[in-house]
Amino acid sequence: MRHAKQIFPMLDCMDDLRKISDLRVPANWYPEARAIQRKVIFHAGPTNSGKTYHAIQRYLAAKSGVYCGPLKLLAHEIFEKTNEAGVPCDLVTGEERTFVDKDGRASAHVACTIEMCSVTTPYEVAVIDEIQMIRDHARGWAWTRALLGLCAEEIHVCGEPAAIDFIRELMYTTGEEVEVHTYQRLTPFSILDQAVESLDNLRPGDCIVCFSKNDIYSISRQIEARGLECAVIYGSLPPGTKLSQAKKFNDPDDPCKILVATDAIGMGLNLSIKRIIFNSLVKPNINEKGEKHLETISTSQALQIAGRAGRFSSKFKEGEVTTMHKDDLPVLKEILSHTVEPIETAGLHPTAEQIEMFAYHLPEASLSNLIDIFVSFSQVDGLYFVCNIDDFKFLADMIQHIPLNLRSRYVFCTAPINKKQPFVCTSFLKFARQFSRDEPLTFDWVCRHVNWPVAQPKNIKDLVHLEAVHDVLDLYLWLSYRFMDMFPDTAVVREIQRELDNIIQEGVRNITRLIRASDPATTGPLHGTVPGSHGPSSNYTSRSRRTPGSPKGSGQTMDSSLTNRLVRDGLLTSEMLQQLQREWSKGHTKELTNQSAVDVRYNKDNRSKKRK
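Residues numbered from 1 in each chain as written. Predicted model: local features only at pLDDT ≥ 70, side-chain atom pairs only at ≥ 80, totals over all residues. Heavy atoms only, no water.

Draft legend 1. Expanded view of the overall build of the protein chain. Secondary structure assignment for the protein chain yields 24 helices and 20 strands. Taken across its 612 residues, the protein chain has 51% of its residues classed as buried. Total accessible area computed for the protein chain in this model is approximately 29200 Å², and 51% of it derives from carbon and sulfur atoms. (Helix = DSSP H or I, 4+ residues; strand = E, 2+ residues; numbered from the N terminus. Buried < 20%, exposed > 50% of the residue type's maximum accessible area, 1.4 Å probe, protein only. Areas by Shrake-Rupley, 256 points an atom, 1.4 Å probe, with all protein chains shown as cover.)

So this is what it looks like as structure tokens:
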């Protein structure tokens, strides 16, 4: 038993640990909200039905209010609209605090990202947007916390009708009734009977939706090769760049009439789209176990994206939806014919206080182990699930060897970083190490780390790196609001981040030129990995092969690692390879002829030597 308790120290305190990790009644975690009788109003409807508009009207009329949105872009939009309506409003996101009062006093209204909402501040009205995300495996806990914990007389919830019954059931546990207002779509959209099939059939107002950044690169280049301009929007672009690309596409006087985007357009951007074209219906997803796999998009996802066509506020009053490929069209029709699956569970996440209590009983356990033990001991009822904690554990393991107190370690591990970007992960590690030495991370230190000032991107690899640098500056700003003394230079870091955003905007405007300049043999993978790492391109071979379509003996060979990488990354298709061959042929006709003559002489000499 003594040996067993050394290996499994939790054996001595099982009952205490079970009590701490009992998550069956999360409503009791928020005594301030339980002390008041809240009125819950559910605004239910599809995309572009005006549900959020009606909730915001009540928010603007209230003496005090909080808007909780899923994206910085949405919080920023409500912040601007509220102030334009003559209602002073502050902005709070993970990386930004903007107070409209010159003396820094808090306004009665605030627009925030949902993770940042205060559950102790009293409000007259609270708006929780996109409530269906309460079932999200990574972020669902934030919607659960807001719904159960906000101290507001009225809680206005906006989202899909599929969440109505579940929200009613959840509010039954708090003794609060739900009033439901339903809305219909303001403008219709229709599913076309024909797929686009070729980029030659694109029209002004088209938006091609891809689920991979490499598909974006490939398609945007093919579009511009046809003499058309296109805007580009994907998730890892800075907010300012997304807005500038949206503005370019929406501007009737701009020659750019086509948009190529990922499903990042599903929320947060006002776009004047006539026709949504699904380039694919398969998307990489992460399941509840944290495993990444490809699966067909859900009805909810398809409706969210398709609903961007023909919005009420745009010049296109009716929307159209189709696919790029003929075989996908019947699949899309079937997906959109289904009703959205009803929401059945809400996400939860262990709090810092709960983990600290665990650490008291298990002082030798690492943070990653504490989280694992917490989840294994946790008890939830049928309405809840514990959110995926793999990202948290990934960061906890990364900084395990760095001496930090538990609270600081926990805060670092909740930082929203892209773990696919090696430069961002390296920066996270350096930030934690510098912090542990009690050495402030100054502006000069950050500039040395990111090599500021940076140059304009010359190829796609440069652009991807600049996006990573932007993420690193975001991380600095995020940490600066948790550890102000250690990250003191918020204002100047934000200033260079704005400059960087402008540089990235310029790069995205010239994305086709960057794609042409990108030689994967030298730039490495396009997924943020570095040459030599176990990234998507680490298994390419280096045999040479003739470029498809080139004449035998032409001398035009292409390293197979380059060809394979271009094709695999979606940067080249057989059609594009043939086009490149034609371009090369025009510029090198004389060289090819000379080379062929040399080859003929070489072959004759060889045959002559063999005969001798």
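Next comes the rest of the account.
Draft legend 2. Structural detail: the sheet that holds strand β5 (residues 109–113). What the eight strands build is an open sheet, ordered β4-β3-β5-β2-β6-β7-β1-β8; its pairing is mixed. The strands lining the two open edges of the sheet, one partner per strand, are β4 (96–98) and β8 (178–182). For this sheet, the mean angle separating the axes of adjacent strands, direction not counted, is 15°. Two strands pair when backbone bridges link them, and strand β6 (residues 122–128) and strand β7 (residues 151–159) are joined in this way by six bridges, in the parallel orientation. Bridge pairing in β7 places P122 opposite C151. (Pairing = 2+ DSSP bridges. Axes fitted to C-alpha atoms, helices over the stretch in contact; angles between N-to-C directions.)

Draft legend 3. Main features of the environment of E229. Topologically, E229 is positioned in the loop between α8 (213–225) and β11 (230–233). On the basis of relative accessible area, E229 is assigned to the partly exposed category, the value being 34%. A sequence separation of 27 residues divides E229 from C256, and the C-alpha atoms of the two residues are 4.7 Å apart. Excluding its chain neighbours within four sequence positions, the residues that come into contact with E229 are E224, K248, D254, P255, C256, K257 and I258. Side chain to side chain, E229 and K248 meet in a polar contact 3.2 Å long. (Contact = heavy atoms within 4.5 Å. Polar contact = N/O pair within 3.5 Å; in protein donor to acceptor, adjacent residues only side chain to side chain.)

Draft legend 4. Broad picture of the confidence of the model for the protein chain. Of all residues in the protein chain, 83% have pLDDT values of 70 or greater, and the mean over the chain is 84. By mean pLDDT, strand β19 (residues 544–546) is the weakest element of the protein chain at 34, and β6 is the strongest at 97. Under a pLDDT of 50 for its full length, residues 519–560 has, in the predicted model, 87 contacts with residues more than four places off or in other chains. Long-range and interchain partners of residues 587–604, a stretch whose pLDDT sits below 50, account for nine contacts in this model, where long-range means more than four residues apart. (pLDDT = per-residue confidence, 0-100.)

Draft legend 5. Region of the structure containing the side chain of Q434. Mapped onto the elements, Q434 comes out in helix α16 (residues 422–436). Taking the relative accessible area as the measure of exposure, Q434 reaches 8% and is therefore buried. If sequence neighbours within four positions are ignored, Q434 has contacts with E439, P440, L441, W445 and M486.

Draft legend 6. Local environment of the sheet that holds strand β12 (residues 258–261). In space, the six strands of this open sheet follow the order β9-β16-β13-β10-β12-β11, with parallel pairing throughout. Each edge of the open sheet carries a strand with a single partner, namely β9 (189–191) and β11. Going across the sheet, the axis of each strand differs from the next one's by a mean of 20°, ignoring polarity. With three bridges joining them, β9 and strand β16 (residues 319–323) adopt parallel strand pairing. The residue bridging S190 from the neighbouring strand is E320, located in β16.

Draft legend 7. Region of interest: the side chain of H349. Within the fold, H349 resides in the loop between β17 (346–348) and α12 (352–361). A relative accessible area of 16% means that H349 is categorised as buried. Sequence-distant contacts of H349, defined by excluding residues within four places in its chain, comprise W141, Q354, I389, F392 and Y410.

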